[in-house]
Amino acid sequence: MSSSQLVGTGKESSLSTAAQQAKINEIRRMMGPALEKFPTLCSDASILRFLRARNWNTKKAARMLKEAMKWRQQYKPEKIRWDDISREAQKGKLYRANFCDKHGRTVLVIRPGFQNNTTTPELQIKYLVYCMENALLGLKPGQEQLVWLIDFQNWNMSSVSVKVTRETARILQNCYPERLAFGILYNPPKVFESFWLMVKPFLEKKTCKKVKFVYSEKPESRRVMEHLFDMETLESCFGGKNTNTGFNLDAYAKCMIEEDKKMDEFIKSGCPLPSDQEVSPKSNQSEALVSETCSEASEEESGPDVEEEDDESESPEHCNDTTEMDKSSAKEA
């Protein structure tokens with residue numbers, strides 16, 4: 001994987017700290033007081049992520065941010081608790097790993113072949129959102145992004161829904177922009193290529209470039225994993241040496257109940273996310289980490305290509321102004 005594949009357009013690196021701060025201030029002026037009602041969105045770090053997601057176009061970033069505010073006001077993701085989604089978690093399809101990557105970033109493990117077929121698509125999405133909120137609250141100071149490890153054990157075409165995948169992509173890209181460091185698809189079967197061709201058009205180009213196909217039998221793929229993870233702590237199902245890992249529902253439930261208490265305390269504080277409180281405008285920070293991680297690794301597969309449009313994709317619906325949020329007394333907390 002060459003660094004040129006992973007570093008952005010270069011526009012961000014050409015913006016000085018002062019220029020980035022000026023754009024943040026412009027967004028604040030455009031959004032007005034409504035923004036302050038959403039602690040997880042109102043920090044400079046959060047606004048920077050929306051700006052990066054829209055290539056520093058303030059009008060597009062503001063529209064995207066308004067839509068995210070509208071979604072949080074209606075969906076109330078920070079109020080989801082373990083008891084609300086525990087049934088979906090029973091088989092360990094999605095969980096927060098007890099190890100990080102070499103940069104200290106939180107890892108979410110996804111095992112789509114272990115989907116609980118007794119639940120609804122709505123509960124699947126709700127559990128995903130719960131895991132995102134929990135993982136972001138747990139990020140260390142200065143960290144902004146997550147690593148996704150997707151294990152294809154037991155996977156087949158009936159394991160996933162295009163509808164759920166599309167809604168997942170919409171929420172993650174529009175409401176949690178620039179939160180993905182890497183998405184590692186580990187040992188996807190050949191038949192997955194057909195599914196990938198169906199869902200890739202739902203993903204923005206920047207997201208697609210962060211999704212990598214990794215195969216345990218390929219030396220270059222193993223080198224990618226060694227660059228990203230401490231092999232002593234990485235789960236054995238991903239080629240690591242740690243055999244004392246995996247999903248234990250009882251232990252995980254206890255952990256998440258404790259995490260729910262932390263979320264309650266965070267909401268009461270009314271502060272931005274702890275990880276955002278030490279992030280300030282910098283030049284190409286996250287992309288530099290990506291480049292450093294993989295610049296020495298060989299080229300690995302990005303999956304089959306589909307024809308892509310030049311225009312950057314955006315959510316089809318936008319909240320045109322903040323009037324309804326200004327009038328509402330409901331806050332994110």
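Small disclaimer: the values here were computed from a predicted structure and weren't measured. (Residues numbered from 1 in each chain as written. Predicted model: local features only at pLDDT ≥ 70, side-chain atom pairs only at ≥ 80, totals over all residues. Heavy atoms only, no water.)

Here's the deal with the overall build of the chain
Thought 1: When its secondary structure is counted, the chain shows 14 helices and five strands.
Thought 2: When the 333 residues of the chain are sorted by exposure, 51% land in the buried category.
Thought 3: Contacts spanning at least 24 positions in sequence make up 82% of the contacts within the chain whose residues lie at least 6 apart.
Thought 4: Accessible area of the chain: about 15300 Å², with a carbon and sulfur share of 49%. (Helix = DSSP H or I, 4+ residues; strand = E, 2+ residues; numbered from the N terminus. Buried < 20%, exposed > 50% of the residue type's maximum accessible area, 1.4 Å probe, protein only. Contact = heavy atoms within 4.5 Å. Areas by Shrake-Rupley, 256 points an atom, 1.4 Å probe, with all protein chains shown as cover.)

Quick notes on the nonpolar core
Thought 1: Judged by nonpolar contacts, the single largest core of 69 residues is most densely connected at W82, Y127, W148, L149, Y176, M225 and F229.
Thought 2: The biggest single contributor to this core is helix α7 (residues 121-137), with 11 residues.
Thought 3: When residues no more than four places from it in sequence are discounted, the contact partners of Y176 are W71, R72, P77, V129, M132, E133, L136 and I171.
Thought 4: Core analysis: the second largest hydrophobic core is formed by 21 residues, A34, A53, A61 and A62 among them. (Core = buried A, V, L, I, M, F, W, Y, C linked by side-chain atoms within 4.5 Å.)

Observations concerning the packing of aromatic side chains
Given two aromatic rings, their pairing is described by the distance between the two centres and the angle made by the two planes.
Thought 1: For the structure on display, the rule yields 18 aromatic pairs.
Thought 2: A ring pair is formed by Y95 and F247, whose centres lie 5.3 Å apart and whose planes are at 40°; its orientation type is tilted. One end of the pair, Y95, is in strand β1 (residues 94-100); the other, F247, is in the loop between α11 (219-228) and α12 (249-269), and 152 residues separate them in sequence. Comparing Y95 with F247, the two get one shared label, buried.
Thought 3: Each ring, one from F99 and one from F229, has its centre 6.3 Å from the other, and the planes form 80°; the classification is edge-to-face. (Phe/Tyr/Trp six-rings, centres within 6.5 Å; stacked < 30°, edge-to-face > 60°.)

Thoughts on the packing of helix α4 (residues 44-53) against helix α5 (residues 58-75)
Thought 1: Here α4 crosses α5 at 120°, and the two axes come no closer than 8 Å. Considering their axes alone, α4 and α5 lie oblique with respect to each other. Here α4 runs over α5; the crossing is right-handed. Every residue of α5 that contacts α4 at I47, F50, L51 and A53 is listed here: T58, A61, M64, L65 and A68.
Thought 2: Counted by class, the contact of α4 with α5 contains eight nonpolar, one polar and no charged residues. (Axes fitted to C-alpha atoms, helices over the stretch in contact; angles between N-to-C directions. Parallel < 35°, antiparallel > 145°, perpendicular 65-115°, else oblique. Left-handed = near helix turned anticlockwise from the far one by under 90°. Nonpolar A, V, L, I, M, F, W, Y, C, P; charged D, E, K, R; others polar.)

As for α5
Thought 1: With 18 residues, α5 extends 25 Å from end C-alpha to end C-alpha; this agrees with the ideal 26 Å at 1.5 Å per step.
Thought 2: Along α5, the residues classified as buried are T58, A61, A62, M64, L65, K66, E67, A68, M69, W71, R72 and Q73.
Thought 3: For α5, the capping residue at the N-terminal end is N57, with a side-chain oxygen 3.1 Å from the backbone nitrogen of K59. (Expected span 1.5 Å × (residues − 1). Polar contact = N/O pair within 3.5 Å; in protein donor to acceptor, adjacent residues only side chain to side chain.)

So, the confidence of the model for the chain
Thought 1: On average, the chain scores 82 in pLDDT, and the residues at 70 or more come to 79%.
Thought 2: Across residues 283-300, confidence stays below pLDDT 50; counting only partners more than four residues off in sequence or on other chains, it has 52 contacts.
Thought 3: Here residues 306-333 is a poorly scored stretch, pLDDT under 50, and it has 55 contacts once near neighbours within four places are set aside; other chains count. (pLDDT = per-residue confidence, 0-100.)

Here we look at unusual backbone geometry
Thought 1: A positive phi angle, near 70°, is found at N154, a position not held by glycine.
Thought 2: With respect to the helices and strands, the residue N154 is situated in the loop between β3 (146-151) and α8 (162-175).
Thought 3: Not every positive phi belongs to a glycine, and E178 is a case in point at roughly 60°.
Thought 4: Within the secondary structure, E178 is located in the loop between α8 and β4 (180-186).

As for α8
Spacing of three or four residues puts side chains on the same side of an α-helix, whose turn is 3.6 residues.
Thought 1: In this model, α8 (14 residues) spans 19 Å end to end at C-alpha, consistent with the 20 Å of a helix rising 1.5 Å per residue.
Thought 2: The set of residues buried in α8 consists of V164, T168, A169, I171, L172, Q173, N174 and C175.
Thought 3: Buried positions along α8 lie against α4, α5, α7, β3 and α10 (205-210).
Thought 4: Here α8 starts with a cap whose side-chain oxygen sits 3.2 Å from the backbone nitrogen of K163, and that cap is S161.

Some points on the sheet that holds β1
Note on sheets: strands pair through backbone hydrogen bonds, and any given pair is parallel or antiparallel.
Thought 1: Read across the open sheet, the five strands follow the order β1-β2-β3-β4-β5; overall the sheet is mixed. At either margin of the open sheet sits one strand with a lone partner, and together these are β1 and β5 (211-214). Within the sheet, the average angular offset between the axes of one strand and its neighbour, ignoring direction, is 25°.
Thought 2: When strand β2 (residues 106-110) meets β3, the two strands line up parallel, connected through four bridges. Residue V109 lies in a different strand from β3, and its bridge partner there is L149. (Pairing = 2+ DSSP bridges.)

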